[in-house]
Structures are given as structure tokens and as C-alpha cells.
Amino acid sequence: MFGVLRRKAASGGALSASLRAYGPTVSKPRTSSILEKKEFVSHDSLFHMNRLYFSPEDLGWLTTLTPMRKVAASQPELIIQICGRPFSSDNGDLIDAVVPFMGESITDGTLAKFLKNPGDGVEVDEPIAQIETDKVTVDVASPEAGVIQKFVAKEGDTVEPGTKIAVISKPEGGVAHVAPSENISGKAASQPSHPTEKTEEDKQTPKVEITPMTDKPKEYSLSPPKRSAIEPQLPPKERERRVPMTRIRKRVATRLKDSQNTYAMLTTFNEVDMTNLMKLRSDYKDTFVDKHGVKLGLMSGFVKAAVSGLQNQPIINAVIDGDDIIYRDYIDISIAVGTPKGLVVPVVRNADKMNFAQIEKEINTLAKRANDGSLSIDEMAGGSFTISNGGVYGSLLSTPIINPPQSAILGMHSIVSRPMVVGGNVVPRPMMYIALTYDHRLIDGREAVFFLCRIKDVVEDPRRLLLDI
């Protein structure tokens with residue numbers, strides 16, 4: 001098309017004469033300094049910029065070359081722009097699936113796995129991928145119903161909120177927008193563009209073959225040192241596997257090491273006779289299930305005992321912040337839960353205002369969500385004291401590590417029948433070791449021992465909770 005315009009201008013016809021007759025005019029506010037040079041500017045998304053000179057009488061001849069658009073027609077010298085809109089997919093419009101907002105404290109995550117494959121159909125809000133963060137696993141949902149065209153990210157990539165991971169096309173039948181540049185006349189389309197000419201020149205340029213240089217063989221080689229008779233035989237590397245850590249595992253490792261480096265941790269121990277609490281559960285377990293719809297376990301008894309101990313020793317529920325001590329007037333108990341993906345610590349809010357049934361229901365709900373990987377950030381944020389029950393795995397004794405930013409953690413262990421002296425007689429009793437790890441910078445041994453003794457007293461005689469003694 002532009003070749004035709006140039007030939008008509010060069011032929012000295014009406015177009016050439018009219019171009020020479022016109023002088024400078026006043027430009028519109030949006031026109032650039034190009035108009036002062038009496039230039040006509042046309043842009044094409046497929047071709048380079050062309051500058052031509054026009055007169056108004058030439059406009060009738062010019063507009064016959066479809067599909068050019070007249071952007072301005074009120075001045076003798078005009079700017080006509082050929083716009084090329086983005087092409088649509090053959091199957092409809094393309095939509096990007098991006099990583100959603102994952103929480104205020106989460107800036108990025110790891111693309112754990114794709115739940116769909118390219119070519120699969122998806123519905124609105126159907127999960128197509130999972131993002132693993134430091135705390136939770138987040139689903140990436142499809143914004144529209146359609147077909148997955150391709151994935152633009154790979155499993156294992158680190159992604160941020162807003163990162164595009166997939167391209168989805170809407171179903172066929174949508175309105176397809178056709179770019180005007182598709183209807184360019186045959187003359188204009190036949191004219192090659194600069195990138196094409198450059199490609200042809202590159203083809204004509206002879207290629208120089210570069211033969212890779214090969215290193216000359218060494219004249220000598222060092223023989224490996226002989227193994228001594230006492231040198232240990234290491235296993236071959238083929239029998240080792242290197243697997244990258246998950247984000248949850250890396251987060252747990254970082255927090256526990258920070259806790260060890262920050263706190264002056266000390267652990268004190270005691271043992272608890274579980275006879276009365278186990279008898280209470282055995283006597284009322286069926287009635288408890290019929291009324292509340294949940295089983296009566298041992299965790300609710302220890303949570304109530306911890307609440308009583310924290311109320312008697314408020315310093316255990318406090319925390320150091322710089323040069324200050326923050327006393328919490330609420331009791332949120334964190335329950336450590338081990339999952340196949342790693343350790344998570346959901347929080348039972350306002351445990352001091354809950355009864356046995358409410359505590360059991362909340363713990364069961366949080367435990368199921370933890371194993372399903374569906375815990376939210378809010379369900380794990382905060383907490384003023386942690387209980388870890390290693391006894392479910394058979395642990396007899398341990399020294400738990402404080403969960404920052406708390407100041408203490410209670411460790412429960414397995415119940416073992418041991419001979420105990422009761423009323424001057426040696427009798428078997430179900431016994432459990434309990435451990436309290438605390439921050440010795442804030443909590444003295446006196447308060448720590450008093451707290452642990454309160455746990456022992458309440459568990460061994462739950463009637464104390466009714467009488468508040």
C-alpha cells in the first residue's frame with residue numbers, strides 16, 4: 001500500500017502537485033511536531049513507520065484503500081493510524097490464571113503441582129494447581145470456564161501473587177475480534193517488511209562453520225592415591241538421593257533454629273498419674289458422645305489444666321518484646337499437629353472460655369483440616385502457649401522447643417504402666433511424663449515448677465476444676 005502511495009507522489013500527478021501547494025497549518029493539541037513538517041504519519045502493527053504528504057482532495061482516493069481508518073478529518077493535514085488489535089485464539093479469548101493473594105505475611109510460594117493437564121476442560125473456580133507456602137497450601141482456581149491451553153510456569157518454580165501460571169481459552173462461540181490489518185489489500189500485503197528483508201539477507205550471507213577446538217591429550221596423568229588398609233569404604237553416590245526441602249519444612253527448620261538461638265531454654269519435668277482422668281473418660285465416654293457428638297479424649301483435660309496453670313502463673317503466658325514484657329489477658333492454646341507435609345500448629349482461640357466438649361470439637365476440626373492441608377493463615381496465627389503430644393507416636397520423654405513468639409511449651413508423652421507406691425502399697429499405675437520448656441530470661445524456675453505442679457494436680461484430680469481449688 002505504501003509503495004503505491006510513493007509511486008503516485010513521485011509520478012507528478014494531482015497528489016504530487018497538491019502536496020507541493022500546501023503550506024504549514026495549525027495542528028491539533030494531540031498532533032506532534034511532525035505536522036509542522038507537513039508530514040502524514042501512518043502506523044501499522046505489521047509494518048514500519050511511513051511518512052507521506054497529503055492534500056484534502058487526495059483523501060477520497062486514499063480512503064478507497066480499505067481497511068484504513070480516518071482518525072482525524074478536520075484539518076487539511078491529517079494523521080491516519082492503522083491499528084492492529086491483538087489476535088484472539090481460534091477457540092476464543094485467552095485468559096490468564098494467576099497466583100492469588102496468599103496472606104499478608106506471605107510474599108511468595110512454590111508451585112507444588114498441577115492438578116490439570118494442557119487440553120483439560122475446567123470450570124469456574126476449579127483448582128488447577130497448588131502453591132505451597134511456609135504455612136499453608138493454596139489452590140489456584142480457574143477464573144473462567146474453558147480449556148487449558150498451556151502452562152507458563154513449571155512445578156518447583158517460586159511464584160508471587162499475581163504471577164501467571166497458565167493460559168485458559170474460553171469455549172468456542174464467543175465473539176472473535178479481527179484485527180483490521182488482516183484485510184490489507186494484496187498490494188500492501190505483498191510488500192515485504194524490513195524484518196523479512198533482513199531475513200533474506202541473512203540467508204544470502206554465507207555461514208562460517210566453526211569447528212570446536214579439541215584439547216590436546218595430556219602428556220601425563222596423575223594416578224589416584226592408593227587406599228590404605230584402614231581407610232573407610234564410603235557408600236557409592238548412586239545409593240543416595242538428594243530431594244529439595246518443601247517450603248513448610250524450610251520454614252519449620254528456620255523457626256526452630258531461631259528459637260534455639262534466641263531463647264534461654266530450660267526444661268523441667270514431672271510425672272502424672274493418669275488413673276482418675278482415664279476413669280472419668282471411661283465412665284462417661286458413651287454419654288458424652290450421645291450428647292455432644294464427639295469423643296471425650298485426654299487433650300481436653302490437659303488444655304483445661306493448662307488454662308488453670310496459666311491463670312495461676314500469668315508470667316508463663318507473657319512474652320518479652322525488646323525491653324518490655326507483654327502480658328496477655330487472653331489464653332489461646334496452640335496444638336502441635338504432625339502431618340505428612342510437616343509440623344503445623346493450629347490455635348484454639350479463647351480456650352479459657354470453652355468447656356470440654358467445645359475444646360474437643362475444635363481440636364478435631366483443626367486436626368482434620370491440618371491433615372487435609374486446608375488450614376488458613378488465621379487458624380495458625382497467634383497463640384500464647386503450646387501443647388505438644390508426642391505420646392501418640394510412643395515418645396516416653398522429650399524436651400520440646402518453644403514456638404516463637406511464645407515463652408513456654410508443654411510436652412505430653414506416652415502412658416506407661418509402672419509400679420507406684422500408693423498408701424504404702426506398690427501398685428501398677430498408668431503414668432505419664434510431662435515436660436515444660438520455658439524461656440529462662442523471663443520465667444524463673446519457681447514459676448515453671450509451680451505451673452507444672454498445677455498441671456499435675458488438675459489431671460490427677462479433675463474435681464479441682466469444679467471447685468476451683
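The structure contained in this document is the topic of the report that follows.

Conventions and cut-offs
- Position labels on residues start from 1 in each chain and follow its written sequence.
- With the structure being a predicted model, the display of local features is reserved for residues of pLDDT at least 70 and the display and counting of side-chain atom pairs for 80 or more, all residues being used for whole-chain, interface and lining totals.
- The side-chain quantities take in all heavy atoms of the structure and omit both hydrogens and water.
- Secondary structure follows DSSP: runs of H or I at least 4 residues long count as helices, runs of E at least 2 residues long count as strands, and numbering of each begins at the N terminus.
- To sort residues, take the accessible area from a 1.4 Å probe on protein chains only and compare it with the maximum for the residue type: under 20% means buried, over 50% means exposed, and anything in between is partly exposed.
- Here the Shrake-Rupley method, with its probe set to 1.4 Å, supplies the accessible areas, and only the displayed protein chains count as covering residues.
- Between Lys or Arg on one side and Asp or Glu on the other, a salt bridge is scored when a side-chain nitrogen of the former is within 4 Å of a carboxyl oxygen of the latter.
- Expected helix span is given by 1.5 Å per residue-to-residue step, counting one fewer step than there are residues.
- In this scheme, the bend at a residue equals the angle between the axes fitted to the seven residues that finish there and the seven that begin there.
- Two strands are counted as paired when DSSP detects at least two bridges linking them.

**Examining the overall build of the protein**
And then number 1: The secondary structure content of the protein amounts to eleven helices and 21 strands.
And then number 2: Relative to its 469 residues, the protein shows a buried fraction of 36%.
And then number 3: On the protein, roughly 28800 Å² of surface is accessible, and the fraction owed to carbon and sulfur atoms is 53%.

**Overview of the pattern of salt bridges**
And then number 1: Applying the stated criterion to the full structure yields twelve salt bridges.
And then number 2: Of the charged contacts, one joins Glu 447 and Arg 446 as a salt bridge, the two residues approaching to 3.3 Å between their closest N and O atoms.
And then number 3: What makes Arg 446 exposed here is its relative accessible area of 56%.

**Remarks on helix H7 (residues 275-292)**
And then number 1: Along its 18 residues, H7 runs 24 Å from first to last C-alpha, staying within 8% of the 26 Å computed at 1.5 Å per residue.
And then number 2: Taken as a whole, H7 carries its principal kink of about 60° at Tyr 284.
And then number 3: Looking at the residues trailing H7, positive phi occurs at Gly 293, about 75°.

**Considering helix H10 (residues 445-460)**
And then number 1: Spanning 16 residues, H10 covers 22 Å between terminal C-alpha atoms, matching the ideal 22 Å at 1.5 Å per step.
And then number 2: Within H10, the full set of buried residues consists of Glu 447, Ala 448, Phe 451, Leu 452, Arg 454, Ile 455, Lys 456, Val 458 and Val 459.

**Brief notes about the pairing of strand E7 (residues 137-141)**
And then number 1: Pairing of strand E6 (residues 127-132) with E7, which is carried by five bridges, proceeds in the antiparallel orientation. Bridged to Ile 131 within E7 is Val 138.
And then number 2: Following E6, the chain reverses through four residues before pairing antiparallel with E7.

**What about the pairing of strand E10 (residues 164-169)?**
And then number 1: Of all six residues that make up E10, five are buried, and the element is covered over most of its length.
And then number 2: Relative to E10, strand E3 (residues 94-98) is paired through five bridges, and the arrangement is antiparallel. Considered in E10, the bridge of Asp 96 is made with Val 167.
And then number 3: Both strand E8 (residues 146-151) and E10 contribute to a ladder of four bridges, which runs antiparallel. Its bridge partner lying in E10, Phe 151 is registered against Ala 166.

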